[in-house]
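Residues per chain are reported as follows:
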Amino acid sequence: MEPRYIVVGGGLAGLMATIKICEAGGSVDLFSLVAVKRSHSVCAQGGINGAVNTKGEGDSTWEHFDDSVYGGDFLANQTPVKEMCEAAPGIIFLMDRMGVPFSRTPEGLLDFRRFGGTKHHRTAFSGATTGQQLIYACDEQVRRWEVAGKVRKYEGWDVISAVLDKEGICRGIVAQNLVTMEIKVFRGDAVNLATGGPGMIYGRSTQSVICTGSIAGQVYQQGAYLGNPEMIQVHPTAIPGADKLRLMSESARGEGGRVWTYRDGKPWYFLEDMFPAYGNLVPRDIATRAIYQVCYDMKLGVDGQPVVYLDLTHIDAATLDRKLGGILEIYEKFIGDDPRKVPMKIFPAVHYSMGGLWVDFDAMTNIPGLFASGEADYQYHGANRLGANSLLSAIYGGMVSGPAMMQYAQGLKKSCADIPQSVFDAELKRQQNATEKLYNMRGNENPYLLHKELGEWMSEHCTIVRYNKNIQKLEEHIQVLMERYQKLGLPDTGRYANQSVIFARNLWNMLEYGRAIAVGALNRNESRGSHYKPEFPERDDENFLKTTKAKWTPNGPALEWEEVDVQYIKPRPRRYDVDKEASK
Amino acid sequence: MAEVIRLRVKRQDGPGAAPYWEEFDIKYRANLNVIAMLQDIQQNPVNAKGQKTTPVVWGCNCLEEICGECAMVINGTPRQACSALVDKLTKPITVEPLSKFTIIRDLYIDRAKLFNALKKVNAWIPIDGTYDLGQGPKQPPAKADWMYKLSQCMTCGCCAESCPNYSDKSDFIGPAAISQVRLFMNHPTGQLHRDELVDNIMGNGGIADCGKSQNCVRVCPKEIPLTTSLADMNREALKRWFSRGLRF
C-alpha cells in the first residue's frame, strides 16, 4: 500500500515539503489552521539569503556558512547549516522560476541587497514583502498538485496531538475542525510538523496569532525533545501596537537606514559609534541589546520613552518606494506618519525562535515518524538567526523533510494501515475527553486574560536581558498560571465554530512550552547570541557549547545536553566592532 | 481618559441563522484598531447593555494587512480589520461579515470560492520541477515591478464583495482571479502558455461577466490596478476570440 504523508502547517516549510513529496510520486494530507496562503511566512519582509555573488564581492557559500555560524554564536550544528548555505543559490533560482517577482538589476538579473551580520550583498528580495511572494509561489504550486489530485487540503483544522503506537512510533494525528468542531483521527506513516514559531507565548510579538507553538508544545508532552527552547530572537526594530508589535524589516537598514537617538541635544548614531565595522548592520541580538542599553541603562530613549529612531529620510523617496514600499506602507497605515519624511519610532520585539523541536539531520524528531521543519525545528540558527536566513531555512527545511519522510516511510516494516484501529481510537478518545472537559469548565478564569498574563511575564523576564532570579520567578508564576488554568471558564460553550475552546487548549500547550523556555534559559549560565545574562556576560564554550534538550516530565522540563557539531569551523570570539577573522 | 467607543457587530450564530446586531463599549486607547476591540470582547465578553455574551467569532492572522484573513465590512466598506484604526473611523463603528460568502459564524466566513477560482484559471507557473535547472529567465526591471504589484493579491475578497456581478446567483470568478491570469501570462514562462491562460477566462463566469462598475479597484487594500487588469484581459480575450475564429 502506498505510504500516507501528513504535513501540518502550510507555511513555506510545509508547502515545500508537500511539493517535494508530490513531485516524487507521493500524495499529501495538508493541515492548516488558515488557508495556507495566509500562513505566517507572508510576514517575512526583507529577503532570502544566498551567496550568488553578483556584485563582485567575492562572496561564496562558505562565507555565507561562516557568517551564519558566527552570527549564531556557534551553537548551530554545522553540517546542516553548511548544506543549507550550499543549496541557497539554487533555491533562489528555483523560486525565480516559480514566478516570484524578485527585484531586478538593469541587466534583468536578480538584485541583491545587504542584511545584518554580513559584509556582502547576499539577500534577494521582492520589494519588502519577500515572504509573501515566496509563499504565494509555493501556494500556487501546491494548488497545481491539488488540482492534479495529489494534495488533499484540510484548511481550518487544529491539529491536537500525534498518535503514537505502543512502540512509540508516530502513526498519525488527531485534529479538530474549527467550524463543525468534529474531532477526527488521521492515519499517516510520516507526519511533518511545519507549524511555525511560538511567538504567542510572549503575548504580543511580531508573529501571527496562529503562531502559538501549540502542537510543538503538545508533542513535547508526548515525548519529543525541544532543542534550545531558550533561544528566542528579539528583533531590534518593531512598531509597538495595541494588538501586535509590527515588524519593521532589517532591509530598512540594509538599504541605508540609520538608528539614532538624541544625546546632549544632538543625534547620536549609536550603532555606528559602538560597532564601527558593521554599523547599523550588526546582527539582531547585538542591535537589540544596544537599543535596550540606550533606552534603559542610559535613559536616552526618544522623549523619555522606550523608543529610538530608525531613519530613512536621507534616501530618495523613489528608491524607498521601489525597495521598501511594503514596510513603509505598514508604518504609514498603522502609525500615520510618512517614514520618507520623518524618522520612524521603533523598539525591539520578540520575533523568532531559533529553538524548537529537536530533530536529527534528516529532520526527524526523537519520535520515529514525527518530523519537524521550518521555524518549528531548532536546526539552523544556533543562538541567533541572521536576517533573511529564515525564508531560506524554511524552504530548505521543507526540501530536506519532504524527501526524508518518504525515505522513512518506504523503509517501514509495518505501515499505518497495519496498526490496529484500537491505537487510533484510544488517542481519539483521549482528545475527545480532554475537549469535553474543557467545555464543561465553569470556573472564573478567562483563557484570554490568562494568556495576556503569560505574555506579560514572559516578555518581562525572558527576553533581552535575563536574570536568574527573575527567570526563577517566571517559572514559578507559570506554575501558578497552570493551577489557575484548572479554574478556567470558557466564555463560549457553543458546539459550533467555538474559538474559545480551541484557544484554551492551545493555551495549555503554550504554558508547557513557555516553561521549557524559562527552564532552558535558567540553566544556561552564560551569554550566547540572543541569550544574555549580565551575571554571566561571556560565552562559556567549555560548559555550554551544547544543545539544550528539554524533555517533558510531570514535574517540569528535565534538561539534557548534547555536543554541537563544530567539525568545519572552530569556535572563535564573536565581535562586530571589528571585521570578522577569516575562517578558512 | 475614560472615553469609550461604541462598536456595533452584526452577528449570526450559524450559516442559516438570522443575523442580529449586538453593541459593545470599548475603552479607547492610542492606536486602537478593530482587531484590538474584538480582542477586548474576548477578554471581557459583556455587551453595551451590561449583559454577558459570547466573544465575537472572526478570522485574523498576521494583523499587518498582508495575510488577507480579517477582511470584513467596516462602516459599509470591505477592508481588513487590522488596518482599520479607530482614530480614522466615524463612530459608532459598524462591522459586518463579507456578504458574498458563506457566513460560518458572526464575522467568520468561508472563502473557498476565491481559491476555487484560482484553480479554475490555473494561476501558477507550470515549472518542470523543483530540481536544479539553473537560473530563471531574465526580466526587465520595470516589468518585474508591475508584476510585483499584481502579485500582492492576498485573496481577501474585498474586490468580490464590492462587485455587483459577483454573487451566489452568478458564476463570475471575480476581479482577483482575472488579474492573476494577467500576471501569469506576462511572466516569461507563462507567455509560453498564453492561449490556454486566456481560454481559461473566456468561458462561463469569465471576463465577459465583468460589468465594469469599477468598484473593485476602489476597495482593493493593496491598490492593485484591477480595472487595468480587467480591461487588458478583455482585450486579450477579444484577440483570442478572433484568432480562434480565423483558425477554426
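A brief report on the enclosed structure follows. Quick caveat: nothing in here was measured; it's all calculated off a predicted structure.

As a further point, take the pairing of strand 12 (residues 232-239) of chain A. Residue and element names in this part refer to chain A. Across the eight residues of strand 12, eight count as buried, placing the element largely inside the fold. Judged from the five bridges that link them, strand 12 and strand 17 (residues 344-353) form a sheet pairing that is antiparallel. Within strand 17, the position partnered with Ile232 by the bridge is Ser353. Sheet topology places strand 12 next to strand 13 (residues 246-247); two bridges connect them, and they run antiparallel. Bridged to Ile239 within strand 13 is Arg246. Adjacent in sequence and paired antiparallel, strand 12 and strand 13 are bridged by six residues.

Our next topic: the nonpolar core. Of all hydrophobic cores here, the largest spans 106 residues; its most connected members are Met16(A), Ile48(A), Met95(A), Phe102(A), Leu134(A) and Ile395(A). For this core, the leading source of residues is helix 10 (residues 390-410) of chain A, giving 12 residues.

According to the stated counting rule, one finds 65 salt bridges over all chains in the structure shown. For Lys82(A), the salt bridge is made with Glu86(A), and the minimal N-O distance between the two is 3.0 Å. Here Glu86(A) and Lys82(A) lie together in helix 3 (residues 78-97), a separation of four residues that amounts to about one turn. The class of Lys82(A) is buried, set by a relative accessible area of 18%. Between Glu22(B) and Arg11(B) there is a salt bridge, with its nearest N and O atoms 2.7 Å apart. Taken together, the positions of Glu22(B) in strand 2 (residues 20-27) and Arg11(B) in strand 1 (residues 4-11) put the pair 11 residues apart, joining distant regions of the chain. Where salt bridges share partners, they join Asp73(A), Glu230(A), Asp285(A), Arg289(A), Arg524(A), Glu526(A), Arg528(A), Arg539(A), Asp541(A) and Arg574(A) into one cluster.

Attention now goes to the interface of chain A and chain B. Residue-level contacts link 69 residues of chain A with 71 residues of chain B. For the chain A and chain B pair, buried surface summed over both sides reaches about 6,000 Å², with 52% attributable to carbon and sulfur atoms. Counting the surface chain A buries against chain B, the share from its top three residues, Arg38(A), Arg97(A) and Phe334(A), is 14%. Here chain A is connected to chain B by six salt bridges. With a shortest N-O distance of 2.9 Å, Asp492(A) and Arg105(B) are connected by a salt bridge.

A few words now on helix 5 (residues 175-186) of chain B. Residues spaced three or four apart along an α-helix face the same direction, because each turn holds 3.6 residues. Residue and element names in this part refer to chain B. If you check helix 5, its first and last C-alpha atoms are 17 Å apart, about what 12 residues at 1.5 Å a residue would give, namely 16 Å. Within helix 5, 12 of the 12 residues are buried, leaving the element largely enclosed by the surrounding structure. Of the residues making up helix 5, those classed as buried are Pro175, Ala176, Ala177, Ile178, Ser179, Gln180, Val181, Arg182, Leu183, Phe184, Met185 and Asn186.

Quick notes on the rules
Residues numbered from 1 in each chain as written. Chains lettered and ligands numbered in written order. Predicted model: local features only at pLDDT ≥ 70, side-chain atom pairs only at ≥ 80, totals over all residues. Heavy atoms only, no water. Buried < 20%, exposed > 50% of the residue type's maximum accessible area, 1.4 Å probe, protein only. Helix = DSSP H or I, 4+ residues; strand = E, 2+ residues; numbered from the N terminus. Pairing = 2+ DSSP bridges. Core = buried A, V, L, I, M, F, W, Y, C linked by side-chain atoms within 4.5 Å. Salt bridge = Lys/Arg side-chain N within 4 Å of Asp/Glu carboxyl O. Contact = heavy atoms within 4.5 Å. Buried area = accessible area lost by both parts, 1.4 Å probe. Expected span 1.5 Å × (residues − 1).

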